[in-house]
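Residues per chain, in single letters:
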4 protein chains.
Amino acid sequence: MKIGLIGLGRMGQAMGKRLLAAGHRLVVHNRTLDKATPLVAEGAELARTPLEAASDVELLLTMLADDRAVEDMLLGERGALRGLSAGAVHVSSSTIGPACSRRLGAAHDAALQGYVAAPVLGRPDAALGGELVFIAAGALDAIERCRPLFEALGKKTEIVGTDPPRANVVKLGANLVLASMIEALGEAYALVEAHGIADETFLRVVNGLLQSPVLGAYGKRIARNAFEPSGFELVLGAKDVRLAVETGESAIVPMPMASALRETFVAALAEGLGEVDWSVVGRASTRRLTTVGSTP
Amino acid sequence: MKIGLIGLGRMGQAMGKRLLAAGHRLVVHNRTLDKATPLVAEGAELARTPLEAASDVELLLTMLADDRAVEDMLLGERGALRGLSAGAVHVSSSTIGPACSRRLGAAHDAALQGYVAAPVLGRPDAALGGELVFIAAGALDAIERCRPLFEALGKKTEIVGTDPPRANVVKLGANLVLASMIEALGEAYALVEAHGIADETFLRVVNGLLQSPVLGAYGKRIARNAFEPSGFELVLGAKDVRLAVETGESAIVPMPMASALRETFVAALAEGLGEVDWSVVGRASTRRLTTVGSTP
Amino acid sequence: MKIGLIGLGRMGQAMGKRLLAAGHRLVVHNRTLDKATPLVAEGAELARTPLEAASDVELLLTMLADDRAVEDMLLGERGALRGLSAGAVHVSSSTIGPACSRRLGAAHDAALQGYVAAPVLGRPDAALGGELVFIAAGALDAIERCRPLFEALGKKTEIVGTDPPRANVVKLGANLVLASMIEALGEAYALVEAHGIADETFLRVVNGLLQSPVLGAYGKRIARNAFEPSGFELVLGAKDVRLAVETGESAIVPMPMASALRETFVAALAEGLGEVDWSVVGRASTRRLTTVGSTP
Amino acid sequence: MKIGLIGLGRMGQAMGKRLLAAGHRLVVHNRTLDKATPLVAEGAELARTPLEAASDVELLLTMLADDRAVEDMLLGERGALRGLSAGAVHVSSSTIGPACSRRLGAAHDAALQGYVAAPVLGRPDAALGGELVFIAAGALDAIERCRPLFEALGKKTEIVGTDPPRANVVKLGANLVLASMIEALGEAYALVEAHGIADETFLRVVNGLLQSPVLGAYGKRIARNAFEPSGFELVLGAKDVRLAVETGESAIVPMPMASALRETFVAALAEGLGEVDWSVVGRASTRRLTTVGSTP
């Protein structure tokens, strides 16, 4: 299968590598082209523009930072929309807002192209191992045509409806729950530390209750102040929480805890932690950054 | 072993039943004495005052609602402190604040009595099945003497230090993390519902990620608006979150998300939901109570 | 002077009336044209499109609800930008975000038109009486050309810079302070009421301290639950607080109290209070709406 | 008149000085006795215990930091309650919670002593100039007997009921409104600064609207980072906001904005700003402390 891939951040690169390994042909593009070098070395073709990356492929996969990046790459003058053939499908795996997703869907419809919103759960190493989870929404035939891609990269595909923005909303909700858990751990750690209790002791108790491997992994990372290398940059997590709150507000859904959570992310950004793993957020909100500063 | 038990709410009653079944002798007391009837029917002895319940026992177990109830039962004129023999141990399983726990410890020390703070994780049915988890702190020999009690009621005892208030702080932290997850689910449900997505669909995705049985159980309860019968009353959860925030403030630990969470509990109390299962909190904060109103 | 006026909500109508009274010639447009009837009856000319309203005028005044309305009216196919002569000035009095203001400014620059951001403080009756305060930013010569308009409608013009978005930010900040004061009053009223103290007694004390006529007027309105007729709809206030928080976030400024304030507005919207005077917000946040329900 | 005065912080000292100047006889006590030196030099009599300070006086005035200090001074073994004559009146001007005030009232009732809760608005220099405002509640005859004291120290006495805790609640509410305005200014300043606008420019606009001399004075102080010398220590303001939120929670009044405000104070305490003027709070919440650091 010939696949276009736009967006070569860490996740995009891992996806590309896995797709090549699975035997697919790949055309890749990134705003800064040098990020394409490793994939080109493994056999991918370099596209100089998004339009070019979308031309003559069956599927176009995008893995970009935010609404604006997606709209620039798709809807710009040399954007992918103009390159994609009628009948080809755009699989948008970026975590974007539902309004942006809706605009994309309308544009693809008008161009007789397919559009599947398919954000993912999992970090780059899950992509490399084909262990992602896709949250997909779109026309069922379009989803069907994405199967080879989903199977190469993921272990499971959760279909949440035929209206693409739904997948984006589910992803925002999932990240909100995850971010809340991280911040709750951070605040609880600060509370117990102030009473002489080691974070890992507390984690043992709380995860003895919750028994979540993901909570356990985050809990250890935070307890050890092991925020480098980053698995998911705080600036991206901040964007996701912001999108969740804004999406709620657009639908007139009060989200008071999410809104407070959002402020903890802004505070962490203000501390210059945007490129650090997002699990650092609770250290900033509880003013425990001296601890962070001593990270090895 | 002869054990005094003060506090016969649903958890206290379940503990009493289990202790009798394990062959211990039990003297029970409750502010409203009629709550003792079921246990007396199963062989427990009725004490008319806390002092009486503490007299001539090796262990005194208390399972009360809050700081004030514990202080009333222990430190009042006919309080348990005056009844307990030197050398006997008070096991306090109530979720109370560390300051109250410290005052209790000092009083017991002065009376040459042992004191172990041992709040529990688990609901009444876990007590009945001997499946609680104890979070214990206190002098090691005092903890040692509580072993038969811990073994009858629990499947695990996490010892978090020799200073009793630590166990209370760990318990507050654990409930804070749990309450945060519940509220996060509630807010995320409101967000996805507003976009036409069923709560259970969302839960499948998010718990596919987190894989926590406890999150799964709460998630189902909330999705189904199955808040009756209550497993843990909202008024108690509200108290725990308040204690966590106040304990943080006393130690000058900012807890911005916990503070917002606390307001969601006050708002739910203001809606008259104090006796409902605490997992209803997110319905109140997101103004989704019409849904709750339609609970079967 | 010939002036175009787009946006005939209550504020726009009051401005139009005053401008006519001051002897200016007026061309008016509104999305729903029937709102123009009263002004046409007083001598204004009706424009069927924004383009038409902007043609052949020296100044174009816009008084619209939000970013989207402004962009639709200005930048659309039959938008005002295409009608405005080179050298004419667009005075934008809507409360919009700085990013939107910047886009407008760039568009007008490219068209060799002037652009002054000039949001106002004051309610419609202040416009009718020529008592508004303009917060203006833009090129000094453009501001100079707006003088007759400022003088007809306002008692004071605060010039806050030459970069138009600055005026928008100042206006957002001012509304944030005002909204905070309103919510603080609402929460304090609930607190004192719960202790048997009349709102007006409390107001007498607090405004004895602060001595602000505006605080006094809002305080009375809230104390008397006199939310109808609305002076400023809650849905507009909600938008302004949201814009303030989002503008802060874009500049990486944590605004934790503003963020909580924002949620109180969303909660009030969720209670269906969007068209009520924004001073009702504290009644919703403190769950005192039964009181509101009994408004005469 | 012979007056006992307990609590010689800056406000207590100013009150004492003014009372002496007005010709009253004064017996003074403070936890750390050396603070009494200046007043003794001006003719006050030194009391070594609270009991002694309350003996043989007509009025006992207390001006202490918090609930605990008041209870220690009044209800302890050598506390003032045991010294005060039947018929004498305790005027409590400390900002304390209503529950503490109620306990005091009951104790004085039992001892046939009068009790008037009379917290004040105004800073030490207002006390020196006899310009305080008293918010008083208590039995009318008891209030009547305090008149000479109120007249010496204040320019106005607002009587808010016969139940003493009401005065405390009104004071907490007033400080909540004031603290909210300070934080709102702090957040708005950060917002406008980030867009290149000077704080004082913004203040001119916003106080052109609100026209509050108190807001103007705080606004200038913050704009100039003139937090030293402190007029009212942040640690005291933090306590007041905490008391307001806790008092609300006890009465099941949600106060979401106040709760967020409270966190901003805790965050400022965590930055070590407890002894700085409370108007610094917004600098901490918006992470603008580098600016504060450069205070002259």
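Residues numbered from 1 in each chain as written. Chains lettered and ligands numbered in written order. Predicted model: local features only at pLDDT ≥ 70, side-chain atom pairs only at ≥ 80, totals over all residues. Heavy atoms only, no water.

Asks: Can you help me understand the overall build of chain A in this one?
Replies: Across its full length, chain A carries 15 helices and nine strands. Its C-alpha atoms give chain A a radius of gyration of 20 Å, near enough to 19 Å, the size a compact globule of 296 residues would have. Each principal axis of the C-alpha atoms in chain A carries an extent, and together these give about 65 × 45 × 35 Å. Across the 296 residues that make up chain A, the buried fraction comes to 64%. For chain A, the exposed surface amounts to about 10,100 Å²; the carbon and sulfur share of it is 52%. In chain A, 30 side chains carry a positive charge and 33 a negative one; their mean positions are 2 Å apart. (Helix = DSSP H or I, 4+ residues; strand = E, 2+ residues; numbered from the N terminus. Rg over C-alpha atoms; globule rule 2.2 N^0.38 Å. Buried < 20%, exposed > 50% of the residue type's maximum accessible area, 1.4 Å probe, protein only. Areas by Shrake-Rupley, 256 points an atom, 1.4 Å probe, with all protein chains shown as cover. Lys, Arg positive; Asp, Glu negative; His and termini not counted. Charge placed at Lys NZ, Arg CZ, Asp CG, Glu CD.)

Asks: Got a minute to help me understand the relation of the copies chain D and chain B in this structure?
Replies: Two chain copies here: they are related by a rotation about an axis and a translation along the same axis. When chain D is fitted to chain B, the residual RMSD is 0.0 Å, and the transformation amounts to a turn of 180° plus an axial shift of 0.0 Å. The relationship between the two copies is best expressed as a two-fold rotation axis. Looking at the interface residues of chain D, 100% of them are also at the interface in chain B, so both copies use one shared face. (Least-squares fit on C-alpha atoms with pLDDT ≥ 70 in both. Contact = heavy atoms within 4.5 Å.)

Asks: When you look at the interface of chain B and chain A in this model, what are you seeing that I'm missing?
Replies: Frequently, the measure chosen for interface size is the accessible area removed from exposure when the parts meet. Taken residue by residue, the interface counts 56 residues in chain B and 56 residues in chain A. In this assembly, chain B packs against chain A so that about 4,900 Å² is buried in total across both faces, 78% of it on carbon and sulfur atoms. Contact with chain A buries area across many residues of chain B, yet Leu 191, Leu 209 and Met 257 of chain B alone supply 14% of it, more than any other trio. We note a salt bridge from Glu 158 of chain B to Arg 204 of chain A, for which the minimum N-O separation is 2.8 Å. Summed over the shared surface of chain B and chain A, the result is twelve residue pairs in polar contact (both at pLDDT 80 or more). Element by element, the count of residues in the side of chain B that touches chain A is highest for helix α8 (residues 165–193) of chain B, at 18 residues. Along the lines of polarity and charge, the residues of the side of chain B that touches chain A split into 37 nonpolar, twelve polar and seven charged. (Buried area = accessible area lost by both parts, 1.4 Å probe. Salt bridge = Lys/Arg side-chain N within 4 Å of Asp/Glu carboxyl O. Polar contact = N/O pair within 3.5 Å; in protein donor to acceptor, adjacent residues only side chain to side chain. Nonpolar A, V, L, I, M, F, W, Y, C, P; charged D, E, K, R; others polar.)

Asks: I tried to follow the interface of chain D and chain B on my own but got confused; where do I start?
Replies: Each side of the interface is counted separately: chain D has 17 residues, and chain B has 17 residues. Summed over both sides, the interface between chain D and chain B buries roughly 1,400 Å², with carbon and sulfur atoms accounting for 58% of that surface. Linking chain D with chain B are four salt bridges, by the criterion used here. The salt bridge partner of Arg 242 of chain B is Glu 249 of chain D, with a shortest N-O separation of 3.7 Å. Counting only elements with at least two residues in the side of chain D that touches chain B, the list comes to α12 (234–250) and α13 (256–270) of chain D. Ranked by residue count, the leading element in the side of chain D that touches chain B is α13 of chain D, at eight residues. Within the side of chain D that touches chain B, the residues separate by chemical class into eleven nonpolar, one polar and five charged.

Asks: Which parts of the structure should I look at to understand the environment of Leu 121 of chain C?
Replies: Residue and element names in this part refer to chain C. As for its placement among the helices and strands, Leu 121 is situated in strand β7 (residues 120–121). A residue is classified by how much of its surface remains accessible, and Leu 121, at 6% relative accessible area, is buried. Each C-alpha atom of the pair Leu 121 and Ile 135 lies 7.8 Å from the other, and the pair is 14 residues apart in sequence.

Asks: Sorry if this is basic, but what is going on with unusual backbone geometry here?
Replies: Put simply, Glu 228 of chain B and Pro 229 of chain B share a cis peptide bond, and its omega is -5°. Its location among the elements puts Pro 229 of chain B in the loop between α10 (213–223) and α11 (234–250). The phi torsion at Leu 112 of chain C lies on the positive side, around 60°, for a residue other than glycine. Mapped onto the fold, Leu 112 of chain C is located in the loop between α6 (98–110) and β6 (114–117). Here Leu 112 of chain C falls in the exposed class, since its relative accessible area comes to 64%.

Asks: In this structure, what is going on with the relation of the copies chain B and chain A? I would like to understand it.
Replies: The two copies are related by a screw operation: chain B maps onto chain A through 180° of rotation and 0.0 Å of translation along the axis, at an RMSD of 0.0 Å. Looking at chain B, 100% of its interface residues are interface residues in chain A too, so the copies touch through the same face.

Asks: Help me understand the sheet that holds strand β8 (residues 132–136) of chain A in this model?
Replies: Strand pairs in the sheet, formed through backbone hydrogen bonds, run parallel or antiparallel to each other. All names here are of chain A. Spatially, β7-β8-β9 is the arrangement adopted by the three strands of the open sheet, whose pairing is mixed. Only two strands of the sheet have a single neighbouring strand rather than two, namely β7 (120–121) and β9 (154–159). The pairing of β8 with β9 spans five bridges and is parallel. Residue pairing in the sheet places Ala 136 in a bridge with Ile 159 of β9. (Pairing = 2+ DSSP bridges.)

Asks: I tried to follow the side chain of Lys 2 of chain B on my own but got confused; where do I start?
Replies: Residue and element names in this part refer to chain B. Positionally, Lys 2 belongs in strand β1 (residues 2–6). Among the polar contacts made by the side chain of Lys 2, one reaches the side chain of Asp 56 at a distance of 3.4 Å. When neighbours within four sequence positions are excluded, Lys 2 is seen to be in contact with Arg 25, Val 27, Glu 45, Asp 56, Val 57, Glu 58 and Leu 59.

Asks: What is the right way to read the environment of Ala 167 of chain A from this model?
Replies: For Ala 167 of chain A, the location among the structural elements is in helix α9 (residues 165–193). Residues in contact with Ala 167 of chain A, not counting those within four places in the same chain, are Ala 117, Pro 119, Ile 135, Ala 136, Ala 137 and Val 160 of chain A.

Asks: How should I be thinking about the environment of Arg 287 of chain B in this particular structure?
Replies: Considering the arrangement of structural elements, one finds Arg 287 of chain B in the loop between α13 (281–285) and α14 (289–293). For the pair formed by Arg 287 of chain B and Glu 187 of chain B, sequence separation is 100 residues and the distance between their alpha carbons is 9.9 Å. Non-local contacts of Arg 287 of chain B, meaning those with residues more than four positions away in its chain, are made with Pro 254 of chain A together with Ala 267, Ala 270, Glu 271, Ala 284, Ser 285 and Arg 287 of chain C. Separated by 3.2 Å, the side chain of Arg 287 of chain B and the backbone oxygen of Ala 284 of chain C make a polar contact.

Asks: Before we go on, may I ask you to explain empty space enclosed by the protein in this structure?
Replies: The method is simple in principle: a probe with the dimensions of a water molecule rolls over the atoms, and the space it marks as empty is what remains. Overall, the coordinates contain two cavities of 30 Å³ or more when judged by the stated rule. Approximately 560 Å³ is the volume found for the largest cavity. The wall of the largest cavity is formed by 36 residues, among which Pro 256 and Ala 260 of chain A, Ala 260 of chain B, Ala 260 of chain C together with Ala 260 of chain D lie closest to the centre. Among the elements of the structure, α13 (256–270) of chain A, α12 (256–270) of chain B, α13 (256–270) of chain C together with α13 of chain D are those that each provide at least two residues to the lining of the largest cavity. Class assignment for the residues of the lining of the largest cavity results in 16 nonpolar, twelve polar and eight charged. Taken as a whole, the second largest cavity encloses approximately 30 Å³ of empty space. (1 Å grid on protein atoms, 1.4 Å probe; cavity = no way out; pocket = protein on both sides within 12 Å on 5 of 7 lines; lining within 4 Å. Points joined across faces, edges and corners; volume = space filled by probe spheres on them.)

Asks: Is there a simple way to explain the state of the cysteines in this structure?
Replies: Evaluation of the coordinates by the stated rule reveals zero disulfides over all chains. Free cysteine Cys 146 of chain B: the closest other cysteine sulfur is in Cys 100 of chain B, separated by 18 Å. (Disulfide = S-S within 2.5 Å.)

Asks: Teacher, can you tell me more about the sheet that holds strand β3 (residues 45–46) of chain A here?
Replies: All names here are of chain A. Taken together, six strands build an open sheet; the order of strands is β3-β2-β1-β4-β5-β6 and the sheet is parallel. Of all strands in the sheet, those bounded by a partner on one side alone are β3 and β6 (114–117). Bridge count between strand β4 (residues 59–62) and strand β5 (residues 89–92): four bridges; the pairing is parallel. Each residue of the ladder has a partner; that of Leu 61, found in β5, is Val 91. The sheet strands contacting helix α6 (residues 98–110) are β5 and β6, and the helix crosses β6 at an angle near 160°. (Axes fitted to C-alpha atoms, helices over the stretch in contact; angles between N-to-C directions.)

Asks: Is there a simple way to explain helix α4 (residues 67–75) of chain B in this structure?
Replies: Residues lying three or four places apart along an α-helix face the same way, a consequence of the helix completing one turn every 3.6 residues. Residues and elements named next belong to chain B. Of the residues making up α4, those classed as buried are Val 70, Met 73 and Leu 74. Down the axis of α4, the sector holding all buried residues measures 90°, keeping them to one side. Structural note: α4 exposes Arg 68 and Asp 72 on the side pointing more than 90 degrees away from its buried face. Where α4 is buried, its residues meet β1, β2 (25–29), α3 (50–54), β4 (59–62), β5 (89–92) and α5 (98–110). (Arc of directions from axis to C-beta.)

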